[in-house]
Amino acid sequence: MFVVAILELHGRLEDEAAALAADVGGTAYDARMLLAPGMPAVVRTTEDKAQALDLLARLRARGHGAAACDASAVVAADAMVPMRRFRVGPAALALDDRPGETLPYDDVLALVAAVHRTQTHVETKTTEKKLSIARAIVTSGLSMTKTVKKETHTTTEERDNVLYVFRRSGAQPWLLREGGVADWTGHGQPLAATRLENFRLAVAALRAKAPGATYDDRLLTRKTQDVDLLAHLIALWIARSATR
């Protein structure tokens, strides 16, 4: 499956909605709904590579920052190198739990901040006895209660801040999770009291060590299950921008 997305919108959303509707088929309203969540906005998924490339060319011709990729090339977060126990060296990060694996700072292309959201749905069934005057009358007082069954549905959301670390070499990306950092050393300061503050310190340390990397935080406010895909598209756009 090939994916086409707009990373930077040139001009007004309303103007692009009309043009995009003509490109992909459908109404301007449908096109606006694709663009409304913000950039990056996935505007087409198709099995036809030629069709994807044609749309990509049309978007770029209208001045938009656009990118396309084969969805099968997207590395899932669970398949990335986890940064659980790492040390900040002078020239590279090293993983204590994966001896010999390092990340040179000059190989860091993009640092993409995002939030992984996990929803948990819980269904609770309860049964209780309640006083029933009508039932008492019908049964001449033999039965004074009725059984009432209730179902309640609750949804809770857990948030985990993450940082995708994409590499210039194209090697497997690394992933820093707010809830996944067990220990890190070489940063010149003690670990923070909370995992969120510890995560923020780790991100700041990495940004300081890799000043040539582009930091992008636009996914922090996006509520979607396709975070891995959107982060990959941002990295592609950053890589393309660096070569122009």
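Residues numbered from 1 in each chain as written. Predicted model: local features only at pLDDT ≥ 70, side-chain atom pairs only at ≥ 80, totals over all residues. Heavy atoms only, no water.

J.: Sorry, what's going on with the nonpolar core here?
T.: Within soluble globular proteins, side chains that are nonpolar generally end up buried alongside one another. One finds Val112, Tyr164, Phe166, Leu219 and Leu233 to be the most contacted residues of the largest nonpolar core, which totals 26 residues. Of all the secondary structure elements, the ones that give two or more residues to this core are strand 1 (2-8), strand 3 (65-70), strand 8 (108-131), strand 9 (145-167) and helix 6 (227-243). In this structure, Val112 is in contact with Val162, Leu163, Tyr164, Phe166, Asp216, Leu219, Ala231 and Ile234, ignoring residues within four places of it in sequence. Membership of the second largest hydrophobic core comes to 22 residues, among which are Leu95, Tyr105, Val165 and Ala210. (Core = buried A, V, L, I, M, F, W, Y, C linked by side-chain atoms within 4.5 Å. Buried < 20%, exposed > 50% of the residue type's maximum accessible area, 1.4 Å probe, protein only. Helix = DSSP H or I, 4+ residues; strand = E, 2+ residues; numbered from the N terminus. Contact = heavy atoms within 4.5 Å.)

J.: Is there a simple way to explain the sheet that holds strand 1 in this structure?
T.: What links the strands of a sheet is backbone hydrogen bonding, and the strands pair in either a parallel or an antiparallel sense. On the basis of which strands lie adjacent, the open sheet formed by three strands has the order 2-1-3 and antiparallel pairing. Of all strands in the sheet, those with a lone pairing partner are strand 2 (41-46) and strand 3, marking the two edges. With direction set aside, neighbouring strand axes in the sheet form an average angle of 20°. Taken together, the five bridges between strand 1 and strand 2 define a ladder with antiparallel strand orientation. (Pairing = 2+ DSSP bridges. Axes fitted to C-alpha atoms, helices over the stretch in contact; angles between N-to-C directions.)

J.: What should I look at first to understand the side chain of Arg167 in this one?
T.: Positionally, Arg167 belongs in strand 9. On the accessibility criterion, Arg167 (16% relative accessible area) is buried. Within the local environment of Arg167, its side chain forms a polar contact with the side chain of Asp107, the two groups lying 2.7 Å apart. Sequence-distant contacts of Arg167, defined by excluding residues within four places in its chain, comprise Thr102, Leu103, Pro104, Asp107, Leu109, Gln172 and Trp174. (Polar contact = N/O pair within 3.5 Å; in protein donor to acceptor, adjacent residues only side chain to side chain.)

J.: What's the story with the packing of aromatic side chains in this structure? I'm lost.
T.: Counting across every chain of the model gives one aromatic pair. Ring geometry for Tyr164 and Phe166: centres 6.0 Å apart, planes at 10°, overall stacked. We note that Tyr164, like Phe166, is buried. (Phe/Tyr/Trp six-rings, centres within 6.5 Å; stacked < 30°, edge-to-face > 60°.)

J.: How do you make sense of the pattern of salt bridges when you look at a structure like this?
T.: Pairing is possible between side chains that carry opposite charge, provided their charged atoms lie close to one another. Applying the stated criterion to the full structure yields 14 salt bridges. As a salt-bridge pair, Arg177 and Asp160 come within 3.8 Å of each other at their nearest N and O atoms. Of this pair, Arg177 sits in strand 10 (residues 174-177) while Asp160 sits in strand 9, and the two are 17 residues apart along the sequence. Overall, the relative accessible area of 15% leaves Asp160 in the buried class. In this structure, Arg195 engages Glu178 in a salt bridge whose closest nitrogen and oxygen atoms are separated by 3.1 Å. (Salt bridge = Lys/Arg side-chain N within 4 Å of Asp/Glu carboxyl O.)

J.: What exactly am I supposed to notice about helix 6 here?
T.: For the α-helix, the turn length of 3.6 residues means that residues three or four positions removed from each other point alike. The terminal C-alpha atoms of helix 6 lie 25 Å apart, and with 17 residues this matches the ideal 24 Å at 1.5 Å per residue to within 8%. Within the sequence span of helix 6, burial applies to Val227, Leu229, Leu230, Ala231, His232, Leu233, Ile234, Ala235, Trp237 and Ile238. (Expected span 1.5 Å × (residues − 1).)

J.: Even after reading the chapter, I still don't get unusual backbone geometry, so can you show me in this structure?
T.: With the exception of glycine, the majority of residues adopt a negative phi angle, and the majority of peptide bonds are in the trans configuration. Omega for the peptide link from Met39 to Pro40 comes to 0°, which places this bond in the cis form. Among the secondary structure elements, Pro40 is positioned in the loop between helix 2 (28-35) and strand 2.

J.: When you look at the environment of Arg222 in this model, what are you seeing that I'm missing?
T.: With respect to the helices and strands, Arg222 occurs in the loop between strand 12 (214-219) and helix 6. Arg222 gets classed as buried once you look at its relative accessible area, which sits at 12%. Excluding residues that lie within four positions of it along the chain, Arg222 makes contacts with Pro37, Gly38, Met39, Pro40, Arg117 and Leu230. At 3.0 Å, the side chain of Arg222 and the backbone oxygen of Pro40 are in polar contact.

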